[in-house]
Amino acid sequence: MFNFKFNKPYYPEGEVLEIFSLSKSSLQRMREECLKNGGDLFIDMGYFHIKGISSAMYEPYKFSAWLFDNRVVPENKYDYEILETSKVKEGLIKLANINNNNTQNKKESA
């Protein structure tokens, strides 16, 4: 992975959002995804609460490792991979357009 040094052993949620450039709703979806896949928020994402502190806390190394493993998508290395990806995207767009046209035609004929 990468070798980044954090200044603190844990961070409040607001600082995590700023450090990792995330929105609060994105972070909530990530926690839900972790739980849905059978994960443990503390073990996998470093998420925990401290009694008397209103904000949730995160261990930055655990969270960054989870983020890297579950959210980072490697770039395509070869031209054929890029071409294949663009063809799939074009096909999905064409399929969506065909579906929209068929739906509109059915509404007009009804």
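All values reported here derive from a predicted model rather than from experimental measurement. (Residues numbered from 1 in each chain as written. Predicted model: local features only at pLDDT ≥ 70, side-chain atom pairs only at ≥ 80, totals over all residues. Heavy atoms only, no water.)

J.: How should I be thinking about the environment of Ser26 in this particular structure?
T.: Considering the arrangement of structural elements, one finds Ser26 in helix 2 (residues 24-36). Of note is the side chain of Ser26, whose polar atom sits 2.9 Å from the side chain of Ser23. (Helix = DSSP H or I, 4+ residues; strand = E, 2+ residues; numbered from the N terminus. Polar contact = N/O pair within 3.5 Å; in protein donor to acceptor, adjacent residues only side chain to side chain.)

J.: Explain unusual backbone geometry to me, please; I cannot follow it from the model alone.
T.: Note: most residues except glycine have negative phi, and most peptide bonds are trans. Positive phi values are uncommon outside glycine, yet Ser21 reaches one of about 55°. Relative accessible area serves as the criterion here: at 67%, Ser21 is assigned to the exposed category. (Buried < 20%, exposed > 50% of the residue type's maximum accessible area, 1.4 Å probe, protein only.)

J.: What's the story with the nonpolar core in this structure? I'm lost.
T.: One recurring pattern in soluble globular proteins is that nonpolar side chains are buried together. Ranked by internal contacts, the top residues of the largest apolar core, which has 17 residues, are Phe20, Leu22, Met30, Met45 and Phe63. Those residues in contact with Leu22 that lie beyond four places of it in its chain are Leu17, Leu27, Met30 and Phe63. (Core = buried A, V, L, I, M, F, W, Y, C linked by side-chain atoms within 4.5 Å. Contact = heavy atoms within 4.5 Å.)

J.: Can you walk me through the pattern of salt bridges in this structure?
T.: Note that side chains of opposite charge can pair when their charged atoms are close. Inspection of the entire model under this criterion finds five salt bridges. The partner of Lys62 in a salt bridge is Glu59, and the shortest N-O contact between them spans 3.8 Å. Taken together, the shared-partner salt bridges connect Glu13, Lys24 and Arg31 into one network. (Salt bridge = Lys/Arg side-chain N within 4 Å of Asp/Glu carboxyl O.)

J.: Would you mind showing me how to read the side chain of Arg31 here?
T.: Topologically, Arg31 is positioned in helix 2. Arg31 gets classed as buried once you look at its relative accessible area, which sits at 14%. Engagement of the side chain of Arg31 in a polar contact is seen with the side chain of Tyr58, the distance being 2.9 Å.

J.: Looking at this model, I keep getting lost on the sheet that holds strand 3 (residues 57-58). Mind explaining?
T.: Pairing between the strands of a sheet is mediated by backbone hydrogen bonds and can be parallel or antiparallel. Pairing in this open sheet of three strands is antiparallel, and the strands run 1-3-2 from one edge to the other. The open sheet is flanked by strand 1 (11-12) and strand 2 (47-48), the only strands paired with a single partner. (Pairing = 2+ DSSP bridges.)

J.: Looking at this structure, how should I read the packing of aromatic side chains?
T.: To describe a pair of aromatic rings, one takes the distance between the centres and the angle between the planes. In total, this model carries eight aromatic pairs according to the counting rule given. Geometrically, the ring pair formed by Phe6 and Phe20 is tilted, given 6.2 Å between the ring centres and 45° between the ring planes. Linking Phe6 in the segment before strand 1 with Phe20 in the loop between helix 1 (13-19) and helix 2, this pair joins segments that are 14 residues apart in sequence. Here Phe6 matches Phe20 in class, with each residue buried. Between the aromatic rings of Phe20 and Phe63, the centroid separation amounts to 5.0 Å while the plane-to-plane angle is 75°, which identifies the pairing as edge-to-face. On the criterion of sequence distance, the pair formed by Phe20 in the loop between helix 1 and helix 2 and Phe63 in helix 4 (residues 60-71) is long-range, its members being 43 residues apart. (Phe/Tyr/Trp six-rings, centres within 6.5 Å; stacked < 30°, edge-to-face > 60°.)

J.: Just checking my understanding: could you explain the packing of helix 2 against helix 4 for this structure?
T.: How two helices pack is summed up by the angle between their axes together with the distance between the axes. With their axes 12 Å apart at the nearest point, helix 2 and helix 4 run at an angle of 80° to one another. The orientation of helix 2 with respect to helix 4, classified from their angle, is roughly perpendicular. Where helix 2 approaches helix 4, its residues Leu27, Met30, Glu33 and Cys34 are matched on the opposing element by Phe63, Trp66, Leu67, Asn70 and Arg71. (Axes fitted to C-alpha atoms, helices over the stretch in contact; angles between N-to-C directions. Parallel < 35°, antiparallel > 145°, perpendicular 65-115°, else oblique.)

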